[in-house]
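Letter by letter, the chains look like this.
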Amino acid sequence: EVYMLKGTEVMATASVGVVAYPEDGECAENLLKNAEVAMYEAKKQGKNTVAFYTRELNIQVEKRLSMETRLHKALSRGEFSLNYQPQVCLKTGLIIGMEALLRWTTDTDGPVSPAQFIPILEETGLIMEVGEWVLHNACCQCAEWERNGLSGLRVSVNISALQFMRSDLDVTVRNVLQLSGLDPQKLCLELTESMIMIDSSRTMQKLESLTQLGITLSLDDFGTGYSSLEYLGRLPIRELKIDQSFVRRMANTKNDAAVVNTIIAMGHGLGMELVAEGVENKEQLGYLYGEKCGVVQGFLFSKPLPANDFAGFCRGWIPEAVFNMMK
Ligand code: C2E
Ligand code: MG
Ligand code: MG
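Below or above, wherever it landed, is the structure these notes cover. All figures in this text were calculated on a predicted structure; none of them were measured in a lab.

A tally of regular secondary structure across the protein gives 14 helices and 14 strands. Overall size of the protein, expressed as C-alpha extent along the three principal axes, is 70 × 45 × 45 Å. Expressed as a percentage of its 327 residues, the buried residues of the protein come to 44%. If you take every contact in the protein between residues at least 6 apart in sequence, the share linking residues at least 24 apart comes to 65%.

Take the coordination of the magnesium ion (ligand 3) next. For the magnesium ion (ligand 3), the full set of protein donor atoms is Asp220 (OD), Asp221 (OD), Glu277 (OE) and Glu277 (OE), and the range of their distances to it is 2.1 to 2.5 Å. The motif formed by the donor residues of the magnesium ion (ligand 3), counted along the single chain, is D-D-x55-E. Between the magnesium ion (ligand 3) and the magnesium ion (ligand 2), a spacing of 4.1 Å is present, and a bridge between the two is formed by Asp220. Pair noted here: Asp220 is in strand E10 (residues 216-222) and Glu277 is in the loop between strand E12 (273-276) and helix H12 (282-290), with a separation of 57 residues, a long-range link. Side by side, Asp220 and Glu277 carry an identical accessibility label, which is buried.

This part is about empty space enclosed by the protein. Counted according to the given criterion, the structure contains one cavity of 30 Å³ or more. Together, Phe164, Arg166, Ser167, Leu169, Asp170, Lys206, Ser209 and Leu210 line the largest cavity. Elements that contribute at least two residues to the lining of the largest cavity include exactly helix H6 (169-180) and helix H8 (201-211). Sorting elements by how many residues they give to the lining of the largest cavity places H8 first, with three residues. Here the lining of the largest cavity is built from residues that sort into three nonpolar, two polar and three charged.

Per the counting criterion, the structure on display carries eleven salt bridges. Between Glu146 and Lys186 there is a salt bridge whose closest N-O contact spans 3.7 Å. Here the residue Glu146 occupies a position in helix H4 (residues 127-147), and Lys186 occupies one in the loop between H6 and strand E9 (187-192), the gap between them amounting to 40 residues. Since its relative accessible area comes to 31%, Glu146 is described here as partly exposed. The residue Glu277 makes a salt bridge to Lys241 at a minimum N-O spacing of 3.6 Å. Of this pair, Glu277 sits in the loop between E12 and H12 while Lys241 is found in strand E11 (residues 239-242), placing the two residues 36 residues apart along the sequence.

Here is what the cut-offs are and how they apply
- Residues numbered from 1 in each chain as written.
- Chains lettered and ligands numbered in written order.
- Predicted model: local features only at pLDDT ≥ 70, side-chain atom pairs only at ≥ 80, totals over all residues.
- Heavy atoms only, no water.
- Helix = DSSP H or I, 4+ residues; strand = E, 2+ residues; numbered from the N terminus.
- Buried < 20%, exposed > 50% of the residue type's maximum accessible area, 1.4 Å probe, protein only.
- Contact = heavy atoms within 4.5 Å.
- Donors = N, O, S within 2.8 Å, 3.2 Å for Na, K, Ca; no water.
- 1 Å grid on protein atoms, 1.4 Å probe; cavity = no way out; pocket = protein on both sides within 12 Å on 5 of 7 lines; lining within 4 Å.
- Points joined across faces, edges and corners; volume = space filled by probe spheres on them.
- Nonpolar A, V, L, I, M, F, W, Y, C, P; charged D, E, K, R; others polar.
- Salt bridge = Lys/Arg side-chain N within 4 Å of Asp/Glu carboxyl O.

Set out below in structure tokens:
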């Protein structure tokens, strides 16, 4: 519906939550509460619609609330940890670095999937604090490995949009580098398309100030967003991570193979390093090798591992194994 308010056109849509008495509540208070839950469901379904209350809905809302409450305490309770997944260079077969991936383990539910808890960390703003914890721990771990003979490795850390938007990420990174003693060249930040494709001088400034610290910037899940290629070429980004959805479908469909080839060609044209994620089998590896993709990451080599297991994995790694895999 369009309304006129003091000469301005205002669009309003209605999202309606429906409850039935007495099934959905014995008193007005409960009925209203449940109607509200149903209304939020209507909004979630794309607004301007009607949703009926179900018990299942309330269970979902309660689950989400309880997760939120537990996430608030997770950091102080030491429930977060980092796993590391190796990245393999296809020119030398060497492990050149690892992606740090956040894990949350509670004593009641065991490990919770990042797909479940990371969106909640973002919505509540907790990602600011937790993200800094991730950055600090990943850098300290990498610096420690460097000192203890597992040297030459680079660590990649995922940065959420909120962390990037709040203006002091460069200050945080500089402090973390100083505290951990990590060589800036050994740190890579993984950003996503949506957060940097806002063509503003502020975005450019932020990217520049991060690059000036001597670290590397990478674009995660590349190909799933709407990057302007012309703009991409002007950004100080040195690496593209080809999204695993393309890698997965590349062997089956010609179109996906073409997308991968194009991303690689474009990345090379812009002087960028290419990293393929989600490499699970020899066929994918062989194909990416043939297309001159520089770095690969995926279950074919290793799942993300706790720090100690990762160190063991690296010590047992034989570079030639990668090329033997393709035979
Ligand atoms: P991402 O950054 O794209 O990370 C890659 C995801 O793919 C990881 O999932 C990894 O375990 C998974 N993966 C790696 N190799 C394979 C493979 O061969 N096959 C398949 N099917 N999957 C593979 P994970 O650890 O569940 O993380 C999911 C997402 O959560 C990450 O996607 C990232 O966006 C986010 N995330 C994880 N840790 C952090 C963090 O510390 N901070 C922020 N802001 N986001 C994080
Ligand atoms: Mg990533
Ligand atoms: Mg990714």
